[in-house]
Amino acid sequence: MGLVNKNENNRAYFVFGFMLLICFGIFAKMSIIQFKEGEKWRSKADSLTIKDESIPANRGNIYSADGSLLATSIPKYNIYFDPFAPTDVNFEKNVKPLSDSLARFLNKKTSGQYESDFRKARSNKKRYLHIATKLSYTDYMRIKSFPMFNLGKNKGGIIVDQVNVREYPMGMIANRTIGYERVNKDGTIGRKGIEAAFTEELTGKEGRRKVQKMAKRLWKPISDENEIDPKDGYDIITTIDVYIQDIAHHALLKALEDFGAHHGSVVVMETETGHIKAISNLGLTPNGSYSETINYAVVERQDPGSTFKLASYLALLDDNKVDTATIFDTHNGLVMFSGRRVRDSNNRGYGKISFARGFEVSSNTVVTQAVNEAYKDNPIKFIEKMESFGFNKTLGIDLKGEPASYIPAPGDRNWSKIALPWMSYGYGISVTPLQILTLYNAVANNGVMVRPQFVKEIRDVNNSIKKIETEVLNPQIVRPQVVREMQDILKNVMAKKGGTGHRLYSTDFSMAGKTGTAQMNYGNRDGGIYHASSFVGYFPADQPKYSCIVVIHRPTKKSYYGGDVAGPVFKRLAQKIYTDVPSMKEIKNIDKVLPEIEKKYNKYFETVKTVGDIMPNVIGLSSMDAIAILENLGLKVKTNGFGKVKSQSVVSGQKINNKQTIILELS
């Protein structure tokens, strides 16, 4: 019996000793980990639960020349809740008031549903509960003041993730030029226009902050302070004038709709500086509306047609091949080159006319005969002249994607016996609208060709980083005498009877320009021939301030001639801009009351007389008049759109109170 007890004691001592050795081993290992390898393992643990996260910088703003905001980054706030962070006391005290506040503010769940979700998440130790997405700063500050959330991140469990969203206050106006940024399917960001051309300046520098892992793929900031604060990008000041841009956009849109056209573009350039004051590109969408889809003015190469005759005339006059009085026979409107016909739009021709008159009536027979006779033995001289005008290369503008213009030369696969006369009136070549406009602008600018410019300054808040000066491409494209002769001819296109632009002539303001009607095959299966209608020129004719080109493709209704389709857009622009300039003329009959003005005043006065708590009828009034009336009644007003009021959220005759917000839909 004693032997058995002794053996059992030995086994117990053995087990105890073995366990003691294990404990010593564990203690030794813990000591090594704690003191010798501690830093290594703590770093590894931190790398799994804590990491550095980049904080995107705010992209710089894009402004118009007059300071209007064209593009900006708006901070938006995503809100999450860590229901495990508050103490039991704080959680029980605030969970019901927080649920009530969220239910009223977000209007997505009932208070009971919010409270149930919070309690369930707390019991399951779920630490990243989504509350709201992309709140404005005002809404973020409001939700931050709710019970529980007002205790902060550590005590109240509120988690805030700030993101920046790019917004464009002007909407689709000049969208393809100002540009945009979109998230592609692969997660990358695609940019166009100025957004792309100046992305380095706009981007800024990223910041850094520490974040802690909360759950699978979910991280939250450790502190409200950043390791490195982000530095915002620079602001870009464009040359765009919002007033002129608005006129150009709507004038082009009206023409496209009236003539059932496929697409079109308008560019307005300041003559002396080359500043692009307006650029609009509208194309037909599948739903029948028009939208900015392609920057046609910059990227679309085409046969320009008769507007290219300016280049031919400048070359002939500058090389002394003809003068403005040289007489040409239009041969009843038909001449032949290597068996191919060239016709005038007037099938009977114009008889024998001067070289200058040939431009005014846009005679194809005159310009083709003149160029062919002058350069047929040395066509390369004509090509070199075209290259001195900036063709066969790009303009080197700020925006990406501009193609080089194309003028064929002997030896090219497109060169033939008819290439020279054909290019003289704008066929067999490829030129963008902006490249054509640059040549006309040089004539308006007394022979000085300047580069078209979309951006004039880069700024850091109120500090100028870089001013982009006007760049001269060619200080004198032709002799000054030739420039003056062409200026007179371009005026006569409008002013003289029979000129292709005479129907656009106005005694109130002067214009100079050239019509164009180009035939082209758009690759349709039916082989149909379509037209591109254009007008390019400048105004005022005597002291040019702006040059402008209008190109409208595939008009299908009423007419397809440049003077009928594109010309009125040019005139509307000139007219609107003129009326914006103060006049020094004496105003007669200033006290005379016009019936139309009297009628509008009486209608406004009748509406204004509405007082008390009855909603007036403001439909048909301008937005400014409607807002004035409603705000004088103590109401808050929100508007959607531009123009006149087409509907109001509260029907006229209903009772109102001064706390109401009235929404006006504008035409």
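Cut-off values and rules
- Residues numbered from 1 in each chain as written.
- Predicted model: local features only at pLDDT ≥ 70, side-chain atom pairs only at ≥ 80, totals over all residues.
- Heavy atoms only, no water.
- Helix = DSSP H or I, 4+ residues; strand = E, 2+ residues; numbered from the N terminus.
- Expected span 1.5 Å × (residues − 1).
- Buried < 20%, exposed > 50% of the residue type's maximum accessible area, 1.4 Å probe, protein only.
- Phe/Tyr/Trp six-rings, centres within 6.5 Å; stacked < 30°, edge-to-face > 60°.
- Lys NZ or Arg CZ within 6 Å of the ring centre and 35° of its normal.
- Patch = residues over 30% accessible without salt bridge, like charges linked within 9 Å, V, L, I, M, F, W, Y side chains within 5 Å.
- Areas by Shrake-Rupley, 256 points an atom, 1.4 Å probe, with all protein chains shown as cover.
- Salt bridge = Lys/Arg side-chain N within 4 Å of Asp/Glu carboxyl O.

(A) Structural view of helix α17 (residues 433-444). Given a rise of 1.5 Å per residue, 12 residues ought to cover 16 Å, and the 17 Å separating the end C-alpha atoms of α17 matches this to within 8%. Most of α17 sits out of view: 12 of its 12 residues are buried. With its phi angle positive at about 60°, N446 sits one or two positions after the end of α17.

(B) The arrangement of the packing of aromatic side chains in detail. Enumeration according to the criterion identifies 19 aromatic pairs in this entry. With a centroid separation of 4.3 Å and 15° between ring planes, the pair formed by Y77 and Y140 is classed as stacked. Of this pair, Y77 sits in strand β3 (residues 69-81) while Y140 sits in helix α5 (residues 137-144), placing them 63 residues apart in sequence. Cluster of aromatic residues (ring-pair linked, three or more members): F81, Y114, F118 and F149. Sitting above the plane of the F91 ring, R122 keeps its charged end 4.5 Å from the centroid. Cation over ring: K558 sits above F259, and NZ or CZ is 5.7 Å from the ring centre.

(C) Geometry of unusual backbone geometry. Residue P540 is bonded to the preceding F539 through a cis peptide linkage, with omega at -15°. Positive phi, close to 50°, is recorded for S338, a residue that is not glycine.

(D) Spotlight on the environment of N320. Of note, N320 is situated in the loop between α12 (309-318) and β14 (327-329). Along the chain, N320 and V482 lie 162 residues apart, while their C-alpha atoms are 9.7 Å from each other.

(E) Representation of a nonpolar patch on the surface within the structure. On the surface, F14, F18, M19, I22 and I26 cluster together into a nonpolar patch covering about 520 Å² of accessible area. Inspection of the secondary structure assignment puts I22 in helix α1 (residues 2-36).

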